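# Structural features, examined
Residue-level listing of the chains:
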Amino acid sequence: MQDTLLEKHSVEEILARHMYEDFEIIEILQEIQRMEGYLSEKNLVLTSKRLRIPLSRVYGIATFYKNFTLVPRGKYTLQVCTGAGCLAKGGMKILDRLRNTLQVKVGGTTSDRMFNLETVRCVGCCGRAPVVVAAGKIVSGVDFGEILEAIENLRKRGRDEIAQPARS
Amino acid sequence: MKLLSLQDLESRAEASREWIRGRKAVISVCMGSGCISAGSEALLDLFRRAIADEGLSEQVPVMGSGCLGFCGKGPVILVRPEGVLYCGVDEAGVSRIVKEHIVGGKPVAKYLYGGGAKDAGIALMDEIPFYKGQKLLVLAGRGCMDPESIDSYMAADGYSALGKALSAMSPDLIIDAIKESGLRGRGGRGFHAWMKWESCRMAAGPEKFVVCNCDDGAPGAYAGRTVLENSPHAVIEAMAIGARAVGASMGFIYVRTEYDLAVGRVEKALAQAREYGLLGRGILGTGFDFDIRAVHGESAFICGESTALIASIEGRPAEPRHDQVHSSEKGLWGRPTLLSNVETWANVPPIIRNGAAWFRSVGSPSCPGTKVLTPGGRIRNLGVVEVPTGTPLSEIVFGPCGGPGPGRRIKAVQACGPAGGLIPERMLGTGLAYESLEEAGAMMCTGGLIVFDDRTCIVETVRSSIEFMSEECCGKCSPCREGLPRMLALLESICRGRARAGDLEFLEEIAWTLKDASFCGLGKSAANPVLSSLKCFRDEYVAHADEKRCPAGVCPELTRFVIDPEKCSGCGLCRKACPAGAVAGAPKEAHSIKEEICVKCGACRDACRKEAVFASGTAAFPVQRQLLR
Ligand SMILES: Cc1cc2nc3c(=O)[nH]c(=O)nc-3n(C[C@H](O)[C@H](O)[C@H](O)COP(=O)(O)O)c2cc1C
Ligand code: FES
Ligand code: FES
């Protein structure tokens, strides 16, 4: 799919930027996941080798913290806030409707690999509840139409990017 | 451009002050998370352009500001020197404000608080009820300080406390000042700050660390993050002062990586401070070396616990350790570590600058100062407030927060997010201080203050708190790991009306076990909402368990919605609000709800202006049933 050489190169880069310091492992894994979307076995092994720590420790970190995932996920993540502030303002209704519209469970990925549907507990924006975080961007004071619009825009962007991989 | 001495620092600050002094007006656009999500970044550009079009760029600078507090009304904009606050500003508003107010000198009523086509509204920020009763110490810079600019912090006397601490104060004097001020930790159970400082100073070690805890993992509690986003430099300055006092050479600011804004601002502030020589080697020409690293933490509630946070910085799973040996003696990598909450840190520079006596004059004597709170839930004004400690909760809920929505009553308040106890309405006289809150079964913590009205189900609220705690449990100790899921299952069955005899007593017993036997504060505090609600709202539990009704009309399995045909005016608001299309009725005629498709969300009840929608289970319902017959 992608240029594996290049890919290896950049994981190596991340490791080098962190000076192979083992205490920075969490940040290293965060960066790898941000780049690749998930933590592959190959990269966990590479991390363990480079940092000179047992694979079990790398695996331990990758499974302790919930945000790390060992399987590929969708391109964008939609997080519906279910913090107390948003629940009081109808966050659950939004979640239910998204589940129906996208045909996906919470924690699941849509069949086109475009969206992950997740919940998040309070993004510090209760003042404008209910809140949905769409691909890292907070959409606040939402009505359902606005979210659908944001989702369709993302889907379009995602398709375009897949058709024409962005060059950096 | 490195500042090599105290004189350098002062002349630089003076230059920044001078720059602001000569201006006709300053427009501050709120750059807090709330307002950014409402589009304030675009407004900042638009304002700059509009001001430039008028040829006023020199006289009227446009700057970003930290959260102005009134997040529920964002995007919020402050025009100084008058202090006029605009709410809900949109693109059209920008040119009107520039043309009519900045050029014409007349505030635009449409965007003022309470303003509109006919109403003049309230122009001055200080006169808006939301801002009354607030006292700003750590958020003092809001509206007049750009969080991304070190010069703007220095114009507000920033870094002068560090200058003072390095030039005129010995470590002992610094600790004495903290001791005299009576500053107590804002992140947990209110430890006396000076005790930690003292024991860390006394501890022997080849190197020492200072750490700032900005995990802020409790939903609805984001005081720490707001402080960090508003004035990252205050935290940096404070940590340098702390490091000087205890003899540390390295600091860590722990922020969750998904708090993009906070992370970005901290990184930027660190770079600026290094550039000015306020971090690094030989700070301000003295022999003091100190630097700070921002740690991008993972999101786990347990990371906020001090020993777990330390484990996480060390690159290990965030599991708490026994805190028999205090981190101030043996913390990061076994070295003496001074760990405090963001807000605690942010109080340090003003204390050093203005003296302990000044600090003691604010708030309650047992715990002087202020507390930043992030009120949320069923109140009119949501946002960020800072009030003196000791302020009764009722004054906060009915003052800045504006009380409940029209026709509603406050039922309870949950301080400190899901780990906090529920404080019933009759106890709202409780003052905002560690001891009094703890007595009421709650905690102060990181500033959450969720308000519930009479349409909130207490059992459901507790259930969702426990659900959160159970997801966040790190699994280290069995009372917490096993107890939380059991409690959750019990609460779920109560909410569904499937409770069996003895369930309430069993729930209470598990909660006490958690409180007594859990390893760390997570499990111990998880018992708070359960125990406090069982004490103060037992009747609601009994209604669910024995009478199979939800007195608030929330739990779907126990609730049915009915429209009173006599009261219904047929306005159609409920029909529009219903997500399921379950409301039927012709305009101007009484509507009705089709039970088969109703999803029990209560949107119709919230939408109705005539109080014509009733939920079964609520006190008013039986009367209603009579009517229907
Ligand atoms: C489960 C749990 C979560 C915590 N979360 C936070 C947090 O998000 N922020 C914080 O400052 N303290 C948090 N604490 C309290 C810390 O353990 C610690 O007491 C505090 O940071 C000390 O700082 P202070 O003395 O300035 O209050 C948490 C404690 C527990 C048990
Ligand atoms: S509860 Fe949703 S942003 Fe806080
Ligand atoms: S984010 Fe603008 S007022 Fe809080």
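Residues numbered from 1 in each chain as written. Chains lettered and ligands numbered in written order. Predicted model: local features only at pLDDT ≥ 70, side-chain atom pairs only at ≥ 80, totals over all residues. Heavy atoms only, no water.

## Let's talk about the overall build of chain B
Basically, it comes down to this: The way it works is that DSSP assigns letters per residue, a run of H or I at least four long becomes a helix, a run of E at least two long becomes a strand, and they are numbered from the N terminus. Every radius of gyration here is taken over C-alpha atoms, with the globule rule written as 2.2 Å times N^0.38, N being the number of residues. Residue exposure (1.4 Å probe, protein chains only): buried if accessible area is under 20% of the type maximum, exposed if over 50%, otherwise partly exposed. Any two residues having at least one pair of non-hydrogen atoms within 4.5 Å are treated as being in contact. Areas reported as accessible are Shrake-Rupley estimates using a 1.4 Å probe. Residue values count occlusion only from the protein chains shown.
Looking only at helices and strands, chain B has 24 helices and 19 strands in total. Expected size for 629 residues packed as a compact globule is a radius of gyration near 25 Å; at 26 Å, chain B falls within 12% of this value. Taken along its principal axes, the extent of the C-alpha atoms in chain B is 85 × 65 × 40 Å. Put simply, chain B has 629 residues, and 59% of those count as buried. Sequence separation of 24 or more characterises 69% of the internal contacts of chain B that already satisfy a separation of 6 or more. Put simply, chain B shows about 23600 Å² of open surface, and 52% of that area lies on carbon and sulfur atoms.

## Comments concerning the packing of helix α7 (residues 171-181) of chain B against helix α10 (residues 232-246) of chain B
Residues and elements named next belong to chain B. Here is the rule: The angle between two axes is taken between their N-to-C directions and runs from 0 to 180 degrees, where each axis is a line fitted to C-alpha atoms and a helix contributes only its stretch in contact. Orientation categories follow fixed angle ranges, with anything under 35 degrees roughly parallel, anything over 145 roughly antiparallel, 65 to 115 roughly perpendicular, and all other angles oblique. Working rule for handedness: look at the near helix, and if it is turned counterclockwise from the far one by less than a right angle, call the crossing left-handed; if clockwise, right-handed.
The contact between α7 and α10 brings their axes to 8 Å, and the two run at 120 degrees. In terms of orientation, α7 and α10 fall into the oblique class. With respect to the hand of their crossing, α7 and α10 are arranged in left-handed fashion. Between α7 and α10, the residues in contact are P171, I174 and I175 and I241, R244 and A245, respectively.

## Describing a nonpolar patch on the surface
Note the cut-off: Patch construction takes residues with relative accessible area above 30% that form no salt bridge. Like charges are linked within 9 Å, and nonpolar side chains (Val, Leu, Ile, Met, Phe, Trp, Tyr) are linked within 5 Å. We define a salt bridge as a contact between a side-chain nitrogen of Lys or Arg and a carboxyl oxygen of Asp or Glu at a distance within 4 Å.
There is a patch of nonpolar side chains on the surface, built from Y59(A), L70(A) and V71(A) and spanning about 270 Å² of accessible area. Mapped onto the elements, V71(A) comes out in the loop between α4 (55-64) and β1 (76-81).

## With respect to the site of ligand 1
All names here are of chain B. Applied cut-off: The cutoff for a nearby residue is simple: one of its non-hydrogen atoms must lie within 4 Å of the molecule or strand. N or O atoms within 3.5 Å of each other form a polar contact, as long as, within protein, one can give a hydrogen and the other can take it, and as long as residues adjacent in sequence are counted only when both atoms are side-chain atoms. Only Asp, Glu, Lys and Arg are considered charged, only Ala, Val, Leu, Ile, Met, Phe, Trp, Tyr, Cys and Pro nonpolar, and every remaining residue, Gly among them, polar.
Taken together, the neighbourhood of ligand 1 is formed by 21 residues, with G187, K196, S306, N341 and T344 sitting nearest. At 2.9 Å, a backbone N or O of S306 approaches an oxygen atom of ligand 1. Those elements giving two or more residues to the shell around ligand 1 turn out to be β8 (337-341) and α20 (521-536). For the shell around ligand 1, the leading source of residues is β8, giving 3 residues. Counted by class, the shell around ligand 1 contains 4 nonpolar, 12 polar and 5 charged residues.

## With respect to the confidence of the model for chain A
The predicted structure's coordinates, where accompanied by low pLDDT, should not be read in detail. Residue and element names in this part refer to chain A. The test is simple: Residue-level confidence of the predictor is what pLDDT reports, using numbers from 0 through 100.
With 86% of its residues at a pLDDT of 70 or more, chain A has an overall mean of 83. Put simply, helix α5 (residues 84-87) is where chain A has its lowest mean pLDDT, 71, and helix α3 (residues 41-51) is where it has its highest, 94. Below pLDDT 50 for its whole length, residues 1-6 participates in 1 contact with residues either more than four positions away or in separate chains.

## Examining the domain arrangement of chain B
Residues and elements named next belong to chain B. The condition that has to hold: Boundary definitions for the domains trace back to an automatic or database domain assignment. The quantity reported as buried area is the accessible area (1.4 Å probe) lost by two parts once they are put together, taken as the sum for both.
By the assigned domains, chain B splits into domain 1 (15-127), domain 2 (158-358), domain 3 (363-456), domain 4 (459-545) and domain 5 (560-628). A separation of 34 Å is found between the C-alpha centroids of domain 1 and domain 2. Of the roughly 390 Å² buried where domain 1 meets domain 2, counting both sides, 46% is carbon and sulfur surface. For the pair domain 1 and domain 2, the interface holds 0 salt bridges. At the boundary of domain 1 with domain 2, the tally comes to 3 residue pairs in polar contact (both at pLDDT 80 or more). In the side of domain 1 that touches domain 2, the residues fall into 3 nonpolar, 3 polar and no charged.

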